[in-house]
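# Coordinates in review
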Amino acid sequence: MTEPTGDAQTGPIASCHCGAVNIVLPHAPSVVVECNCSLCRRYGVLWVYYDAAELTGLPEPGATDRYAWNGKHVDFHRCRNCGCVTHWAPRSAGRTTRGINARLLPEAVVSAARLRQKDGAGSGKYLD
C-alpha cells in the first residue's frame, strides 16, 4: 500500500492502514509527543496536536469506533475497518484541540519532528 503524503497545497496526511480514514494536517508537526499513560502506552501511539478547524478529513460521527477512558473527557477513535487508532477528540465543545496519531503519518514527517515525552501516568508534565 502506498501512503498518502500530501502536497504543496496541503500538509501531510495521517492515514489508517486501510485508507478509510485520511486526516490532512495543515503543516508538518515540529513536535510529536509520547505519553506514558496506561492507554497511550498500550496503543503505542505518538501524538501531534492541532485545532480542529485546521484539519481536513476528520471522520464524521459514527465513521469510527470510539472509546472513552477514565474521566471520559476524551474519545479515542479508531478506524472501523482496520482498527488503527486515528485520533482523539474532547467531549467538551469548548475544547477545540485534537490529537492525531502521528504513527499514521509518513515516517519522514515523524522523524523530522522533535520527540517529547509526557508523564501522562503521573504529573502530566513533560519529562524533557
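Starting from 1, residues in each chain are numbered consecutively following that chain's sequence as written. The predicted origin of the model limits local features to residues at a pLDDT of at least 70 and limits the giving and counting of side-chain atom pairs to 80 or more, whereas totals for whole chains, interfaces and linings rest on all residues. To get the side-chain values, take all heavy atoms of the structure and skip hydrogens and water.

## Looking at the overall build of the chain
Runs of E in the DSSP output that reach at least two residues are strands. Runs of H or I that reach at least four are helices, and both are numbered from the N terminus. Helix and strand counts for the chain come out as two helices and nine strands. Computation of the radius of gyration draws on C-alpha atoms, with the globule rule given as 2.2 Å multiplied by the number of residues to the power 0.38. Relative to its length of 128 residues, the chain is compact, with a C-alpha radius of gyration of 14 Å against a globular reference of 14 Å. Each principal axis of the C-alpha distribution contributes one length, and for the chain these read about 40 × 35 × 30 Å. In this scheme, a residue with accessible area under 20% of its type's maximum is buried, one over 50% is exposed, and one in between is partly exposed, where area comes from a 1.4 Å probe on protein chains only. The burial tally for the chain puts 38% of its 128 residues in the buried class. Note on contacts: a residue pair is in contact if any heavy atoms of the two residues lie within 4.5 Å. Counting contacts in the chain only where the partners sit at least 6 residues apart, residues at least 24 apart contribute 51% of the total. For every accessible area listed, the method is Shrake-Rupley and the probe measures 1.4 Å; residues are considered covered only by the protein chains on display. Accessible area of the chain: about 7300 Å², with a carbon and sulfur share of 48%.

## Considering the nonpolar core
In these notes, a set of buried Ala, Val, Leu, Ile, Met, Phe, Trp, Tyr and Cys residues joined through side-chain atoms within 4.5 Å is what counts as a nonpolar core. Counting 18 residues, the largest nonpolar core has Ile23, Leu25, Val48, Ile100, Ala102 and Leu105 as its most contacted members. Among the elements of the structure, strand 4 (47-51) and helix 2 (107-111) are those that each provide at least two residues to this core. Dropping the residues within four chain positions of it, Ala102 is found in contact with Val32, Leu46, Val48 and Val110. Leu39, Val45, Phe76 and Trp88 belong to the second largest nonpolar core, which has 10 residues in total.

## So, the environment of Asp119
Position of Asp119 among the secondary structure elements: in the segment after strand 9 (114-118). It is 16 Å that separates the C-alpha atoms of Asp119 and Tyr43, two residues lying 76 residues apart in sequence. Not counting residues within four places of it along the chain, the set of residues in contact with Asp119 comprises Asn36, Gly124, Lys125 and Leu127. Within the structure, the side chain of Asp119 is placed 3.2 Å from the side chain of Asn36, a separation counted as a polar contact. Under the rule applied, a polar contact is a pair of N or O atoms within 3.5 Å (in protein, one hydrogen donor and one hydrogen acceptor; residues adjacent in sequence only if both atoms are side-chain atoms). Here the side chain of Asp119 touches Gly122 through a polar contact of 3.1 Å, landing on its backbone nitrogen.

## Topic: the pattern of salt bridges
Salt bridges, as used here, are contacts in which a Lys or Arg side-chain nitrogen is within 4 Å of a carboxyl oxygen on Asp or Glu. In the structure shown here, the tally under the stated rule is six salt bridges. In this structure, the salt-bridge partner of Arg91 is Asp75, at a minimum N-O distance of 2.8 Å. Of the two residues, Arg91 sits in the loop between strand 7 (85-90) and strand 8 (97-101) while Asp75 sits in strand 6 (residues 74-79), which places them 16 residues apart along the sequence. For Arg91, a relative accessible area of 47% gives the class partly exposed.

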